[in-house]
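Below are the chains, spelled out letter by letter.
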Amino acid sequence: MNSDPVVAPYGEWDSPVTAADVASARIRVAFPHIQGGELWWQEIPPGNGGRTTVMHRAVDGTITSVLPPGYEARTRVHEYGGKSYLPVPGVGLVFANHEDQRLYLVTGGDEVDGGCVPLTRPDSGRYADFVLSPDGTEVWCVREIPGSPPVRAIVAVPLDGGAAVRELVDTGDFLAFPTPSPDGTALAWMCWNRPDMPWDSAQVRVARLDGSEPERAVLGGPGESALAPLWRDGESLYAISDRSGWWNPHVVDLAGTVRDLCPREEEFAEPLWSLGGRPFGVLPDGRLVVLHGRGELRLGILEPDSGKITDVPTPYTSFAPALTVDGHTVSCVGYSPDLPAAVITVDLISGHCDVVRPEAALVHTTYLPSARAVEFTGDDGKPVHGFLYPPSNPGFRAPDGEKPPYVLWAHGGPTGHSTSAFDVGKAFFTSRGIGVLDLNYGGSSGYGRAYRNRLLGKWGIVDVADAVTAARALVAQGEADESRLGIRGASAGGWTVLVAATRSTVFAAGVSYFGVSDLTLLAEQTHDFEAGYLDSLVGPLPESAELYRERSPLGHVSPQTCPLLLLQGLTDPVVPPSQALALIGELAEHDVDHTYIAFAKESHGFRKPANVRASLEAELAFYRRVFGT
């Protein structure tokens, strides 16, 4: 039997990796919580229509879904939500229900609804970032009351449902990390004000709950991002600050005296897009479990007195910045290039790593592309980071001398970043002969404040220039076909796609998932969390109105604009459909090849497997048509 690879052009290779493998066979896990030997986590099962549930693993290893039918654990605070539940030992589980955003307590009783009772009134607001009060009778959390603008506070919600919700503190337009002191007399939290984003300027504040002392900021402020307070004792806290230019762990007392525990040019946290995840925890012996690194976060143990870090060996190379600690066991979500993301627990004494819930079965392993960290030099002489995934298929090879098509992936945020984590979505393309370059353009997190700040005032300039630099470098290095370069991205990444398509002739195809086309529309229509984001990325309004028009893709479509595929959720509150619809008319006016596909009941980020599958299949067909493969 002939086992030699079939010779076929790049982009025309057959592959067993289907869009259904990417969408339907994958679960999504997040925010594990370990306590008393039991483990909980959020999960979106493949057959649940994109709805989030809470899973529980008992001490005996039995795994069950906690929520009764008809409920979904999903909070919409800041629109991006976050951790939507909190276990209460001996009582049950508190969660935010997506449909009405009320808090409920589910006791798991024999009732039809599983003992699910409401703790908050209808239309009383949204709730997130939960912690149990020191006396165990209340859940303390962030409450957001929608309005123009929304009003937020840290409140106490009684577990018996009989008493009114109490307001604890309300300093800050935005609040996060409610953290009671060990004796329950004080509260620490993180806050920031419009138009700042939490990764630009944010404080850690402390208040005595009896009002005996004025509340105070103990860490952070203008030009400094401080987050994730955790009490060391009654008079001092651990917290993360980037006052050095890198998010490092510090200890600070209530007088504001600060010490950097581990000064390194590494990050120990990520931008606060969602609420409820902590990037470090305290062990019984006083050491800290931390996540640290550049570009990707490794798991380590930090000795706070010496600053020494010892990395914890596991099969996973990076971790989500949301972990909990139970004795000497830590729970988190781990990532690796060759293993699906998974909820794991790590026994820090024995070193044993228990894989509790992988996101997907490890299938098509011979078709997975290898990731290679790459670095380019941008137009400003600064480094540009990324991960390269060349075409790979054991059953095929290209004709001698042919160069492959490549698609640059621009992540969202734009203050986000890509990692080398296992991604069948990349294999869907690389196994068919289409290479992927996952780009961490200037402005991405994971490389320090200076790298993030490259994008300030230059959104649509630095990110696009870095994408063009990377694409040209691939061609110069003999990696890619100059005539078959594409770019794709979602949200802010979709903006980068559209700007590149209208301002550059480097790319032959662009795919925008719910991307921004008009900055003025975005400023008028976007939600409160990001309402001031454009002030730093572009400039404040109204004085920067002309700059908004000049920078936007809308108004700059020309016959030279490359073909575009636009994919949009019709209930998206972050980038509404009006963004895509406004661009479509201009594309048609200039006779630019374009396709628009809208998905009903999809928000910002597609969740329903059928829609994920349809969008991937449309994307592949688009590349094949435009690239001529």
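The text that follows walks through the structure, step by step, so that each part is easy to find. Just so we're clear, the structure is a prediction, and the values are computed from it rather than from any experiment.

The element strand β20 (residues 248-253) is largely enclosed, with a buried count of five among its six residues. Where strand β19 (residues 236-241) lies against β20, six bridges are found, and the strand directions are antiparallel. Residue pairing for β20: Leu237 is matched across the bridge by Val252. As consecutive antiparallel partners, β19 and β20 are separated by six residues, and within that stretch Gly245 has a phi angle of approximately 100 degrees, a positive value. Taken together, the three bridges between β20 and strand β21 (residues 258-260) define a ladder with antiparallel strand orientation. By the bridge assignment, His250 is partnered in β21 with Asp260. With antiparallel pairing between neighbouring strands as the criterion, β20 and β21 make up a hairpin whose turn holds four residues, including Gly256 at a positive phi of roughly 95 degrees.

Turning next to the sheet that holds strand β24 (residues 298-302). Ordered in space as β22-β23-β24-β25, the four strands form an open sheet in which the pairing is antiparallel. The open sheet has two edge strands, β22 (280-282) and β25 (309-311), and neither has a second partner. Averaged over all neighbouring strand pairs, the angle between strand axes comes to 30 degrees, with direction disregarded. Two elements, β22 and strand β23 (residues 288-292), share three bridges in a ladder whose sense is antiparallel. Within β23, the position partnered with Gly281 by the bridge is Val289.

The next thing to look at is the pattern of salt bridges. Counted according to the given criterion, the structure contains 36 salt bridges. Ionic pairing is found between Glu619 and Arg488, a salt bridge with its closest N-O pair at 2.8 Å. With Glu619 in helix α10 (residues 609-627) and Arg488 in strand β36 (residues 485-490), this pair connects stretches of sequence that are 131 residues apart. Here Arg488 falls in the buried class, since its relative accessible area comes to 13%. In this structure, Glu550 and Arg503 form a salt bridge, with 4.0 Å as the shortest nitrogen-oxygen distance. Residue Glu550 is located in helix α8 (residues 545-551), and its partner Arg503 is located in helix α5 (residues 492-503); the two are separated by 47 residues in the primary sequence. Judged by relative accessible area, Arg503 falls into the partly exposed class, the value being 36%. Connected via shared salt-bridge partners are Arg76, Glu79, Arg126, Glu144, Arg152, Asp173, Arg194 and Asp528.

What counts, and where the lines are drawn
Residues numbered from 1 in each chain as written. Predicted model: local features only at pLDDT ≥ 70, side-chain atom pairs only at ≥ 80, totals over all residues. Heavy atoms only, no water. Buried < 20%, exposed > 50% of the residue type's maximum accessible area, 1.4 Å probe, protein only. Helix = DSSP H or I, 4+ residues; strand = E, 2+ residues; numbered from the N terminus. Pairing = 2+ DSSP bridges. Axes fitted to C-alpha atoms, helices over the stretch in contact; angles between N-to-C directions. Salt bridge = Lys/Arg side-chain N within 4 Å of Asp/Glu carboxyl O.

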